[in-house]
Amino acid sequence: MHHPDVYLGSIQPYEGGRPSAIAKRLVEGMLKLTPLGLAGDEQAEKSYHGGPDRALCHYPREHYDHWREQFPAQAEQFCAPAFGENISTLGLTEHNVFMGDIFRWGEALIQVTQPRSPCFKLNYHFAIDDISVLMQQTGRCGWLYRVVSTGMVSGDQPLELVTRNSDVPVAEAISIAWHMPFDEEQYRRLLSVAGLSASWSKTMLTRITSGKIEDLNRRLLGR
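Residues numbered from 1 in each chain as written. Predicted model: local features only at pLDDT ≥ 70, side-chain atom pairs only at ≥ 80, totals over all residues. Heavy atoms only, no water.

Draft legend 1. Layout of the packing of aromatic side chains. Under the counting rule described, the total for this entry stands at twelve aromatic pairs. Ring centres of Tyr-59 and Phe-83 lie 4.7 Å apart, and the angle between their planes is 35°; this geometry places the pair in the tilted category. Residue Tyr-59 is found in strand E5 (residues 56–60), and its partner Phe-83 is found in the loop between helix H1 (63–70) and strand E6 (87–89); the two are separated by 24 residues along the sequence. Both residues of the pair, Tyr-59 and Phe-83, count as buried. An aromatic cluster of at least three residues, connected via ring pairs, comprises Tyr-59, Tyr-64, Trp-67, Phe-71, Phe-78, Phe-83 and Phe-126. (Phe/Tyr/Trp six-rings, centres within 6.5 Å; stacked < 30°, edge-to-face > 60°. Helix = DSSP H or I, 4+ residues; strand = E, 2+ residues; numbered from the N terminus. Buried < 20%, exposed > 50% of the residue type's maximum accessible area, 1.4 Å probe, protein only.)

Draft legend 2. Looking closely at helix H4 (residues 170–179). Counting buried positions over the ten residues of H4 gives seven, a clear majority of the element. Turning to H4, its buried residues number three or more, namely Val-170, Ala-171, Ala-173, Ile-174, Ile-176, Ala-177 and Trp-178. Buried positions along H4 lie against strand E8 (108–115), helix H3 (131–138), strand E9 (143–149), helix H5 (184–191), helix H6 (198–210) and helix H7 (217–221). (Contact = heavy atoms within 4.5 Å.)

Draft legend 3. Quick peek at the pattern of salt bridges. Tallied over the entire structure, the rule returns nine salt bridges. For Asp-41, the salt bridge identified is with Lys-24, shortest N-O distance 2.8 Å. Taken together, the residues Asp-41 in the loop between strand E4 (37–38) and E5 and Lys-24 in strand E2 (residues 24–27) connect sequence positions 17 residues apart. In terms of burial, Asp-41 and Lys-24 fall into one category: buried. We note a salt bridge from Asp-65 to Arg-68, for which the minimum N-O separation is 2.5 Å. (Salt bridge = Lys/Arg side-chain N within 4 Å of Asp/Glu carboxyl O.)

Draft legend 4. Examining the environment of Met-1 more closely. By the secondary structure assignment, Met-1 is in the segment before strand E1 (5–9). The exposure class of Met-1 is exposed, given its relative accessible area of 71%. Those residues within four positions of Met-1 in sequence are excluded, and the remaining contacts are Pro-158 and Glu-160.

Draft legend 5. The arrangement of the packing of H5 against H6 in detail. Put simply, H5 and H6 touch, their axes get as near as 10 Å, and they point 155° apart. Considered as vectors, H5 and H6 are oriented roughly antiparallel to each other. Crossing handedness for the pair H5 and H6: left-handed. Every residue of H6 that contacts H5 at Glu-184, Tyr-187, Arg-188, Leu-190 and Leu-191 is listed here: Trp-200, Ser-201, Met-204, Leu-205, Arg-207 and Ile-208. (Axes fitted to C-alpha atoms, helices over the stretch in contact; angles between N-to-C directions. Parallel < 35°, antiparallel > 145°, perpendicular 65-115°, else oblique. Left-handed = near helix turned anticlockwise from the far one by under 90°.)

Draft legend 6. Just the sheet that holds E8, in detail. Ordered by their spatial adjacency, eight strands build an open sheet running E2-E1-E6-E5-E9-E8-E7-E11, and the pairing between neighbours is mixed. Looking at strand neighbours, the two that pair on one side only are E2 and strand E11 (159–163), the edges of this open sheet. Each neighbouring strand pair of the sheet contributes to a mean axis angle of 35°, computed without reference to strand direction. Note: E1 against E6, two bridges, orientation antiparallel. Counted as the bridge partner of Asp-5 is Ser-88 from E6. (Pairing = 2+ DSSP bridges.)

Draft legend 7. Just H5, in detail. The complete set of buried residues in H5 reads Gln-186, Tyr-187 and Leu-190. The arc that holds the buried residues of H5, viewed along the axis, is 105°, so those residues lie on one side. Turning to H5, the residues buried within the fold contact H4 and H6. Between the side-chain oxygen at the start of H5 and the backbone nitrogen of Glu-185 there is a gap of 3.1 Å, and the oxygen is on Asp-183. (Arc of directions from axis to C-beta. Polar contact = N/O pair within 3.5 Å; in protein donor to acceptor, adjacent residues only side chain to side chain.)

Function cannot be inferred from these measures alone, as they are strictly geometric.
In structure tokens form, the structure reads like this:
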């Protein structure tokens, strides 16, 4: 049984950086899950965060051990929900969660739509110049959900797999998108996944039509 810790955040200003809702807090008790996420949770830059396809962010708690080992001087930073996740669990990772998976959570149903795409704002928040790149390289990215069916949810209610809709683990989607050279066949494989986010569908289609991989530095490094 995968009982999640649940987190909410509000948009805050950051001196020298952009406003962000990455700073989240643990909440207990029943919460309303809407088509756009948990009631009371906010997203700063809605062109890149939030929306129906990215209503919830899930980050595996076990990944924090890796980050504490990599950055011992900043170890105290690396505990949930440092990456701005809404859901943290032990036992669910990019290797055993699949693209398109639908989970029951309390009264709601949620579907995996894409891996999280690490961005340069994480570098600022952790004061580590390339943590976005390291997340992408190691595949410790987490993933996002859409809300298939709304309802009341809580950390006392487990995530239960209802249906598996593809043979593509989240880890493999990360590899196809960011670790492998251009491969139209694999992009079409991702496009066939039920529930793939509109953003990732657009990216894969653009690669196929242009015959090249887009520049990732703008997202990862802000340049």
